[in-house]
Structure formats: C-alpha cells, structure tokens
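Below are the chains, spelled out letter by letter.
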Amino acid sequence: MPFDTATSYRPGARFGPYAIRSGSRRQSPERGYTLDWMINPYTRAEVIDCGDVPINPYDNALAVDQMETAYTTLLTRPVNGSASARTAKLARDGVEHPRILTLGGDHTIVLPILRSLHQIYGPISVIHFDAHIDTWPSSGGFTRQSRVNHGTYFTFAFEEGLMSNTSIHAGIRNKLEGPELIEHDEEVGFDLIMADDIDDLGIDEIVKHIRQRIGSSPVYLSFDIDTIDPGQAPATGTPEPAGWTSRETKRILRGLAGLNFVGADIVEVAPAYDNADITAILAAGIADDFLTLFVTDEPPKRQVKRRGTLADEL
C-alpha cells in the first residue's frame, strides 16, 4: 500500500513496497529454508504478490477508502496452498480466508485493514511493534480529514470497536506530552513493553508476556521498521534512538509462532533515507519471517550442539 500522506515528519514511505521487494531479490522459494526456523515456508503455502493498491495521492479520505476496498476484496479470494487451516475457526462465516502480508506505506494503512478484518473476525487483538504508541487522541488541533494519521489510527480503531482489549505494544521508546497519554493508551486496550525491557526481562520473558496477553484470540501483527535501532534501519520517517537490534527482534518474532495470526504488515520504510539498501534488505527478511509465522504451529526448537572447548582439546 504505497501511501504516506498522513505522516508527521519525513515522508517517503509510499516507496516502501518497492524498496522491500527490491530488498528481497536474493530470497526465493528454492532457497527458502532457514536455519533459524528450520522450515521453508514456501513449501507449505502458495504466496502471491498482489501488486500495489491504486491509491489517490491527493485525498486521504478517498485513499483510506480505496485501501479498505482492496483489502476486503482480497479477503474474499479462495485460499490456496497446503498451510494448516487456522482462520476458519475464528471467522464469523466459518470459512478459511487468505492471510495478507501488507507492505506499507505509513502506519495509517492499519485503520482500513482493521476495518476489513473486523468484517470477517469481529474485534481482534493487535501486536504492535513500534517505537511509538500510535494511540494519540483524535481530537483537538486537527481538521476533520487530518485527524486520521499515522499517530491516531489506533484511537479510531478503538472508537469504532475494531479491536479487543488484549492488544500490546513492543519496542516503545518515544517521548510524550505527559503520562495521561499512557492512561489513554490503556483505555484503547494496549499493554506496554518498552524497548529497555529487553535488558531487564530478556527475550524469553517478553515472548511469554506477549503470548499471555494475546491468548487464543485472532491477532493482527503490525510492524513499524522504526522498532529497529536506526543504526541498523535508518530508512524511516520518525527514527528513534536506542531501539532493538534486528537479531533481538527476529528472535522475539520466532517466539510468537502458533498464535492465531490473521494478517500482518511491515510499514514506514522510506528508502530515500537508506544506506546501501540495509533497511530494505532487513524489511524483506522480516517479511519472510511473517510468512513463516503464518504457516507454523509452534516456535522452532533448535538442537544446540555442545562445542568442545580449548580445555577439552588440551
């Protein structure tokens, strides 16, 4: 979804889908097996690139409607591939629906996506990886159209009854006007994992907390590339220092396998600010992890072999 006209700082995420596709040039079904996951997701499901959604670059209200229409249309397509059936038991109509991985675009695209998913699943939980909470109040200081932007879309989703009260942020480290915004965030339905929590709790505890929060509900995974420290992912519109590393983030993602994912996105990749395509390549790798999350039933269990030490050899 090449949309970026609701950003608050640096634009350019409309070129994110192109950049992520470009970053995936070395990825292929023939070489899709990864040692981290110990599977090849392309042997378990048919993956189709549906292309870019035609979006009006001048009228945000029309663009949001176009994105919702496109996503709703794709959700009605028949499911192909051999991935284990998971969504039929969650859907209101009892039918298996496609699980869509969306390439953004700024984070506003999640509002039309949640509107579409609500038609199929009702209120759903959201796992939100981001440096920012994105639950700013939607009133005050905005025109009617500009109220919907990449910092308020979750508030609109809450007001429209699209989400359950069991959502969670991960990687948060942004500055706020005051603690009252965290109180509002809790009212919207989010629990909070700060970026620094990885030092105090560790990866396993973060994974455990997310899984307990989500439970067995249908869940949507939304991933802002600014979750990653800008030293590793500079190409984004609102970078924040002291983020998670790509390795830490990917380990957390693997720990979430088996949850009832009904869709996912990766957003806010703005390639104009990239260096040697490092953000685009990372985003493509994370997108590959999302595809694997769709087709696996549990986190991978690696067999760690004991290596001999120098003392053993002596």
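One can find the structure itself at the top, above this paragraph.
Every value quoted in this text rests on a predicted model; they were computed, and no experiment measured them. (Residues numbered from 1 in each chain as written. Predicted model: local features only at pLDDT ≥ 70, side-chain atom pairs only at ≥ 80, totals over all residues. Heavy atoms only, no water.)

Colleague: Please clarify how the sheet that holds strand S3 (residues 167-172) should be interpreted in this entry.
Modeller: Each strand in a sheet pairs with another by means of backbone hydrogen bonds, the pair being arranged parallel or else antiparallel. Read from one edge of the open sheet, six strands run S1-S6-S5-S2-S3-S4, paired in parallel fashion. In the strand order of this sheet, the two ends are held by strand S1 (100-103) and strand S4 (190-194), each with one partner. Taken pair by pair, the neighbouring strands of this sheet meet at an average axis angle of 10°, ignoring direction. On the sheet, helix H3 (residues 110-121) packs against S1, strand S2 (125-129), strand S5 (219-224) and strand S6 (261-267) and is oriented at approximately 170° with respect to S5. (Pairing = 2+ DSSP bridges. Helix = DSSP H or I, 4+ residues; strand = E, 2+ residues; numbered from the N terminus. Axes fitted to C-alpha atoms, helices over the stretch in contact; angles between N-to-C directions. Contact = heavy atoms within 4.5 Å.)

Colleague: Teacher, can you tell me more about a negative patch on the surface here?
Modeller: A surface patch of like charges, here negative, comprises Glu177, Glu180, Glu183 and Glu186. By the element assignment, glutamate 177 lies in the loop between S3 and helix H5 (180-188). Overall, glutamate 177 belongs to the exposed group, its relative accessible area being 61%. (Patch = residues over 30% accessible without salt bridge, like charges linked within 9 Å, V, L, I, M, F, W, Y side chains within 5 Å. Areas by Shrake-Rupley, 256 points an atom, 1.4 Å probe, with all protein chains shown as cover. Salt bridge = Lys/Arg side-chain N within 4 Å of Asp/Glu carboxyl O. Lys, Arg positive; Asp, Glu negative; His and termini not counted. Charge placed at Lys NZ, Arg CZ, Asp CG, Glu CD. Buried < 20%, exposed > 50% of the residue type's maximum accessible area, 1.4 Å probe, protein only.)

Colleague: It is not clear to me how the packing of helix H7 (residues 203-214) against helix H8 (residues 246-254) should be interpreted in this structure. Could you clarify?
Modeller: Packed helices, taken two at a time, are described by their axes: the angle between them and the distance between them. Across the interface, H7 lies against H8 with an axial gap of 9 Å and an inter-helix angle of 40°. Judged on the interaxial angle alone, H8 and H7 are oblique. Considering only the axes of H7 and H8, their crossing is right-handed. Together, Ile203, Ile206, Val207 and Ile210 of H7 and Glu248, Arg251 and Ile252 of H8 make up the contact between the two elements. (Parallel < 35°, antiparallel > 145°, perpendicular 65-115°, else oblique. Left-handed = near helix turned anticlockwise from the far one by under 90°.)

Colleague: Would you mind going over the nonpolar core with me for this structure?
Modeller: Soluble globular proteins tend to pack their nonpolar side chains together in the buried interior. Of all hydrophobic cores here, the largest spans 43 residues; its most connected members are Ile127, Phe129, Ile210 and Ile225. Elements represented by at least two residues in this core include exactly helix H1 (16-23), S2, S3, H7, S5, H8, S6 and helix H9 (278-295). In terms of residues, this core owes the most to one element, H9, which gives nine residues. In terms of nonpolar packing, the next biggest core, distinct from the first, is built from 35 residues, Met1, Ala63, Ile109 and Met163 among them. (Core = buried A, V, L, I, M, F, W, Y, C linked by side-chain atoms within 4.5 Å.)

Colleague: I keep staring at the environment of arginine 144 and nothing clicks. Help me out?
Modeller: Along the chain, the position of arginine 144 falls in the loop between S2 and helix H4 (153-159). When the C-alpha positions of arginine 144 and alanine 61 are compared, they lie 9.7 Å apart, and in sequence the two are 83 residues distant.

Colleague: Sorry if this is basic, but what is going on with H5 here?
Modeller: Since one α-helical turn is 3.6 residues long, residues separated by three or four positions face the same way. Along H5, the positions that sit buried rather than exposed are Leu181, His184, Asp185 and Val188. When H5 is viewed along its axis, its buried side chains cluster within an angular range of 105° and face the same direction. When the buried face of H5 is taken as reference, the exposed residues oriented beyond 90 degrees from it are Glu183, Glu186 and Glu187. A positive backbone phi angle near 120° is found at glycine 189, which sits one or two residues after H5. (Arc of directions from axis to C-beta.)

In short, geometric facts, not functional conclusions.
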